[in-house]
Amino acid sequence: MTTAKEFTLAELIIAAGAQAWASDGEVLATGIGPLPRLAAGLAKLTCAPGIMMTDGEAYLVEEPIPLGPRGDYRPKLSGWMPYSRVFDNVWSGRRHAMVTPVQVDRYGQGNISALGGEFQKPKVAMLGVRGFPGNSICHKNSMFLPNHSKRTFVEGEVDVVASVGYNAKNWPEGTKPADVKLGVVITDLCVFDFNGPDHAAQVLSLHPGVTFEQVQDATGFPLLRAAGMATTAAPTEEQLAIIAKLDPHNVRATVLKGNPSGVRAA
C-alpha cells in the first residue's frame, strides 16, 4: 500500500480511528459524529471486516452508508437490527463505540451532561448523561475530541461523571474499576490511552509536527510517553479513496474548526 503524501488532519484522524476496531472481531461498531462514523466505515472495509454496522435505523449493512445526501444510492441490507437487538449487544459487551464527550479527566471519565455551577443549577446544561453510564460499564468505548485543550482534558474531575472511568472513589465497595474497557482517545494533536501504570494516560502517537510538550501543555493532567511512542501513521492512498467514497460531500472538512483543510506532509 502506498502512503499518501498529502492528506488533511481530518483524514489522518479517520485513519487512526479505524485502528481502534482492528482487533475487535464481530462486535457492533458505532461511530458517533462524522469522523468516528467515517473511521468505523473505513475499519469495516479494511482492517476490521468482522465488525457489524447499522444503517443508523434498523438494519445491518455490509457496506458502510455514505455521509450526507445519498442520491440514487441504496443501502445493501444484510440483517434486521431493531433497537431491542442493539441493547442485546450493549448489555452483553458486544459493542465498541467511539464517542465525543465535552470533558475527559485523568481517570478516563467523560462528561456530556453539564458544565460549571452546581449539579442542580449548572452554568451550561447539555444532553444529560443519556446512555453513557450503562454503555461505559457494559462495553468498550474509544473517544474522539476535536479540540485538545485543558478545557476538554480537565485538571480535576469532570463536572459530571456521565461515563465511568478508573476513579476507585466513585465505585461501590467490592467492584473493580479495572473492568472498564477504554480504547483509544484521538484528538487533533495525538492518540493516547489509559493503559499506563495504574491506568495513567499515555501518549501512543503524536500527529505530524506535534511535540509531546505541546500535548502536555494542552492537557490538565500528567501524561506519560508510551513505550514506542511514534508519529501517527499517515493514511494510505487506498484509505483516502475509501474515505472519499464514504464522504462524497466532504463533510470531514467542516469538523475541525481550527484546521478544516490543512494539509500535513507524510
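Up top is the structure these notes are about.
Right, let's walk through the structure included here. For clarity, every value in this text was computed on a predicted model and none was experimentally measured.

**Focus on the sheet that holds strand β3 (residues 53–54)**
Taken in spatial order, the three strands make up an open sheet running β3-β4-β5, and their pairing is antiparallel. With one partner strand each, in any of the chains shown, β3 and β5 (77–80) form the two edges of the open sheet. Pairing geometry for strand β4 (residues 59–61) and β5, over three bridges, is antiparallel. By the bridge assignment for β5, tyrosine 59 is matched with tryptophan 80.

**Focus on the nonpolar core**
With 38 residues, the main nonpolar core has Trp21 and Leu35 as its most contacted residues. For this core, the secondary structure elements donating two or more residues are α1 (9–18), α2 (34–45), β12 (182–187) and α6 (237–246). Among the elements that line this core, the one with the most residues is α1, at eight residues. If we ignore the near neighbours within four places in the chain, the residues touching tryptophan 21 are Ala29, Thr30, Pro36, Ala39, Ala40, Ala43, Ala48, Ile51, His96 and Met98. Judged by nonpolar contacts, the second largest core, of 28 residues, contains Ala97, Val99, Met143 and Tyr166.

**Let's talk about the pattern of salt bridges**
This structure, assessed with the given rule, holds six salt bridges. Linking aspartate 24 and lysine 140 is a salt bridge whose minimum nitrogen-to-oxygen distance equals 3.6 Å. Residue aspartate 24 is found in the loop between α1 and β2 (28–31), and its partner lysine 140 is found in strand β11 (residues 140–145); the two are separated by 116 residues along the sequence. Of the charged contacts, one joins arginine 225 and glutamate 213 as a salt bridge, the two residues approaching to 2.9 Å between their closest N and O atoms. A residue pair is termed long-range when its members are at least 10 positions apart, and arginine 225 in strand β15 (residues 224–231) and glutamate 213 in helix α5 (residues 212–217) qualify at twelve residues. When its relative accessible area of 45% is taken as the criterion, glutamate 213 is described as partly exposed. In the salt-bridge network here, residues are joined through shared partners; they are Glu11, Asp247 and Arg252.

**Concerning the packing of α2 against α6**
As a packed pair, α2 and α6 sit with axes 10 Å apart at the nearest point and diverge in direction by 125°. In terms of orientation, α2 and α6 fall into the oblique class. At the point where α2 passes α6, the crossing takes the right-handed sense. For the pair α2 and α6, contact is made by Leu38, Gly41, Leu42 and Leu45 and by Gln239, Ile242, Ile243 and Leu246, respectively.

Reading the values: rules and limits
- Residues numbered from 1 in each chain as written.
- Predicted model: local features only at pLDDT ≥ 70, side-chain atom pairs only at ≥ 80, totals over all residues.
- Heavy atoms only, no water.
- Pairing = 2+ DSSP bridges.
- Helix = DSSP H or I, 4+ residues; strand = E, 2+ residues; numbered from the N terminus.
- Core = buried A, V, L, I, M, F, W, Y, C linked by side-chain atoms within 4.5 Å.
- Buried < 20%, exposed > 50% of the residue type's maximum accessible area, 1.4 Å probe, protein only.
- Contact = heavy atoms within 4.5 Å.
- Salt bridge = Lys/Arg side-chain N within 4 Å of Asp/Glu carboxyl O.
- Axes fitted to C-alpha atoms, helices over the stretch in contact; angles between N-to-C directions.
- Parallel < 35°, antiparallel > 145°, perpendicular 65-115°, else oblique.
- Left-handed = near helix turned anticlockwise from the far one by under 90°.

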